[in-house]
Each structure stands twice: as C-alpha cells, then as structure tokens.
Amino acid sequence: MESNRYLDIAPEVKSALDAGRPVVALESTIISHGMPYPQNRDTALEVERIIRDLGAVPATVAILGGRLKAGLSEAEIDYLARTGSGVAKASRRDLPVLVAKGADGATTVTTTMMIAAMAGIEVFATGGIGGVHRGAEVTMDISADLEELAETPVMVICAGAKSILDLGLTLEYLETKGVPVIGYGTDELPAFYTRRSGFGVDYRLDTPEELAKAFHVKREMKLRGGMLVTNPIPEEYSMDADVINKAIDEAVAEAKTQGIHGKATTPFLLARIKELTGGDSLESNIQLVYNNARLAAKTAVALSDLER
Ligand code: PSU
Ligand code: MN
C-alpha cells in the first residue's frame, strides 16, 4: 500500500500486515456516538479480545490529534468512549479540516473504510451501516457510507441496516453502485435488531471461506469498491419486531418535528431508540457487534490463507 504521511499504523497491526497475517478494522463512531459510557468502552475492548482469540489482530480506527490511526491503545479507546459526542463524527467530507486542525474525530463506516484501505486492511466489522433515509426522495439524506462501499475495496461485515432507513431504497442504491450485498447464512437482508426484513439479498454465502473467496476474486479482477456482508443477529438476542419498529417510527417522527438534519440525524435516532426501548436494544446491539466481530475474524483468517 501507498504510504500516507498522515497515517499511523499501530506496531502490532503493522507487523501483522507486513507478514500477511489477518487484521480486522473496527470503527469508532459506534463507540463515541453509538453507545453510552461505560458500555461503549467495554464493548470496544471485548470486540478486540474476540478478534484476538480467533487469531486475527484488531485495528480500531479513529482520528486523534489530526493523525489517521489504524489501531488504538486501550487508553485511546477509553478516551473516545468517555468523550462520547464531544468527539466530532467524521465522515469523508470532514477529514481534510480535522487533519489540518490537528483535531480528533470518530470514524464512521465511510472513514473507517478509507483509513483501513490506506493501511492495507481488507476486512472491517461493525454494527449497522448508514443508508438511504426514509423520506430521502425529499430530504436527499443518503449516507456517504453507500458511496464509500462503491469506491473502496474493503469488506464490511454488519448486521444489516436499521429500519430508521428505507431498506428497499438502500438496496436499490447499492445495486446501482455495483455493491454486492451478501446474506451470511440467509437469503433475506437482516434488519439489525431482527433477523428478517422482507427484502432479499443478492447472494447467500454460508462460510467464512466462501466470503473470503468472493472478496479475493473481486480483488484479483481489480474491481473497484467493497462488499457488504449482512450477518443476522443471533436468534437469542433478536428483538420483537413490533416493539422495535414502534420505537423506530416514533424516533423518526420526532426527528422530523424537531427539524433534525444532516450528520445529527443518525445519532439522534440511535439515542432515541435506546431511550424508547429502555436499554433492551443496547444489549442486542452489543451482542450483534460481537457476532460480527467473530465472523470478521474468521473471514480475515480465511482471506490471509488465500492471499499469502
Ligand atoms: N447505524 C447504526 N449504528 C451506528 C451508525 C449507523 O445502526 O453506529 C453510525 C456508523 O458510524 C455509520 C454512521 O457509518 O452512523 C452513518 O451516519 P450517517 O447516516 O450520518 O451517514
Ligand atoms: Mn445523512
């Protein structure tokens, strides 16, 4: 990979990459804007442990003091967790100014993919991605995450998308942009808190080896862009669809009444859903992230076997 004078790769991550050993990237907006303290810190550290236990190296990504970081220390993760929304949520358009100012930023799916690709990391685990918001035909609120998936060669493993988004339009957008949407062990797009959405995925693949092979082939063909793997939440942690959808509808309506827009929309909706479901959604959220971390670690291991 091309060197980048603004990028710091943690020593452990660097030596794994140099040796062709598996590495999994992790985002930091989920830490600062996605969960309350201290669950956000504990989850971020546990995700790293899960990945290590499965033989891969975790690389949590963020911007600290204007440096693009691939791999954080425990103290840096704790800092992002404690500071919460006091850290800027950094998407693609935010990078130049944050770096020029020497500021901090929590990376979204978009910027985590960008920094992972700069570092040479191919697999990235998170909870949910951004997408086409409900009402986007009027508001034009479409997450930069979808554009990044079209451009940047990183596999993103998530639990589908929350129905704060218009899932049908999100799939249409990804189709237009040429992004493969894979269901892991399912033909149906998972809806984050629930295993089903009623929308089909493009392909079902059933093993980490199959995921790795598809990504490897894409790379060998030099095809631009990423791949979206949607991994359903484990049955025992999935939520009642009526309960969660009612909370989501209410949160979306409140955002509209209060005139919330731009980068504040997603964090507002996530926080309101958490309040409306009284913390049940937080436990589901944590468990699905662990589940995605396990799949990402196994896939990174399979990919490094193929590419070595
Ligand atoms: N959706 C979730 N949880 C999250 C996010 C989205 O279910 O934490 C975060 C991710 O960092 C994602 C970002 O990349 O929000 C998308 O923000 P926006 O919709 O403003 O693009
Ligand atoms: Mn948006």
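Residues numbered from 1 in each chain as written. Chains lettered and ligands numbered in written order. Predicted model: local features only at pLDDT ≥ 70, side-chain atom pairs only at ≥ 80, totals over all residues. Heavy atoms only, no water.

Asker: In this structure, what is going on with the packing of aromatic side chains? I would like to understand it.
Answerer: The description of two aromatic rings rests on the distance between their centres and on the angle between their planes. Scanning the entire structure with this criterion turns up 1 aromatic pair. Just above the ring of Phe-192 sits the side chain of Lys-162; from NZ or CZ to the centre is 3.7 Å. (Phe/Tyr/Trp six-rings, centres within 6.5 Å; stacked < 30°, edge-to-face > 60°. Lys NZ or Arg CZ within 6 Å of the ring centre and 35° of its normal.)

Asker: Which parts of the structure should I look at to understand the packing of helix α6 (residues 109–119) against helix α8 (residues 144–151)?
Answerer: Pairs of packed helices are described in terms of their axes, by the angle between the two and the distance that separates them. Direction vectors running N to C along α6 and α8 enclose 25°, while the axes themselves pass 8 Å from each other. Our classification of the angle between α6 and α8 gives roughly parallel. Only Ala-144, Asp-145, Glu-148 and Leu-149 of α8 make contact with α6, whose side of the interface consists of Val-109, Thr-110, Met-113 and Met-114. Here the contact of α6 with α8 is built from residues that sort into 5 nonpolar, 1 polar and 2 charged. (Axes fitted to C-alpha atoms, helices over the stretch in contact; angles between N-to-C directions. Helix = DSSP H or I, 4+ residues; strand = E, 2+ residues; numbered from the N terminus. Parallel < 35°, antiparallel > 145°, perpendicular 65-115°, else oblique. Contact = heavy atoms within 4.5 Å. Nonpolar A, V, L, I, M, F, W, Y, C, P; charged D, E, K, R; others polar.)

Asker: Help me understand the site of ligand 1, please; the structure alone is not making it clear to me.
Answerer: Neighbouring ligand 1 are 14 residues; Glu-27, Lys-89, Ser-143, Lys-162 and Thr-266 lie closest to it. In the model, an oxygen atom of ligand 1 is placed 2.6 Å from a nitrogen or oxygen of the Ser-143 side chain. Applying the majority rule of atoms within 2 Å of the grid points places ligand 1 in the largest pocket. Residue classes in the shell around ligand 1 are distributed as 4 nonpolar, 6 polar and 4 charged. (Near = heavy atom within 4 Å. Polar contact = N/O pair within 3.5 Å; in protein donor to acceptor, adjacent residues only side chain to side chain. 1 Å grid on protein atoms, 1.4 Å probe; cavity = no way out; pocket = protein on both sides within 12 Å on 5 of 7 lines; lining within 4 Å. Sits in = over half its atoms within 2 Å of the grid points.)

Asker: Any chance you could explain empty space enclosed by the protein here in plain terms?
Answerer: It is a probe the size of a water molecule, rolled over the atoms, that shows where empty space is left. A full pass over the atoms with the stated rule returns 3 cavities of 30 Å³ or more. One number sums up the size of the largest cavity: a volume of about 120 Å³. Lining the largest cavity are 13 residues, with Ile-30, Ile-31, Ala-44, Val-47 and Val-289 sitting closest to its centre. At the level of elements, α2 (29–32) and α3 (39–53) are the ones that each hand at least two residues to the lining of the largest cavity. Examining the composition of the lining of the largest cavity, we find that 4 residues originate from one element, α3, more than from any other. Computed from the structure, the second largest cavity encloses a volume of approximately 60 Å³. In this structure, the second largest cavity is lined by Ile-129, Cys-158, Gly-160, Ala-161, Leu-167, Thr-170, Leu-171, Leu-174, Leu-189, Leu-228 and Thr-230. Listed by contribution, the elements that provide at least two residues to the lining of the second largest cavity are α9 (167–176) and β11 (227–230). Of the residues contributing to the lining of the second largest cavity, the split by class is 8 nonpolar, 3 polar and no charged. (Points joined across faces, edges and corners; volume = space filled by probe spheres on them.)

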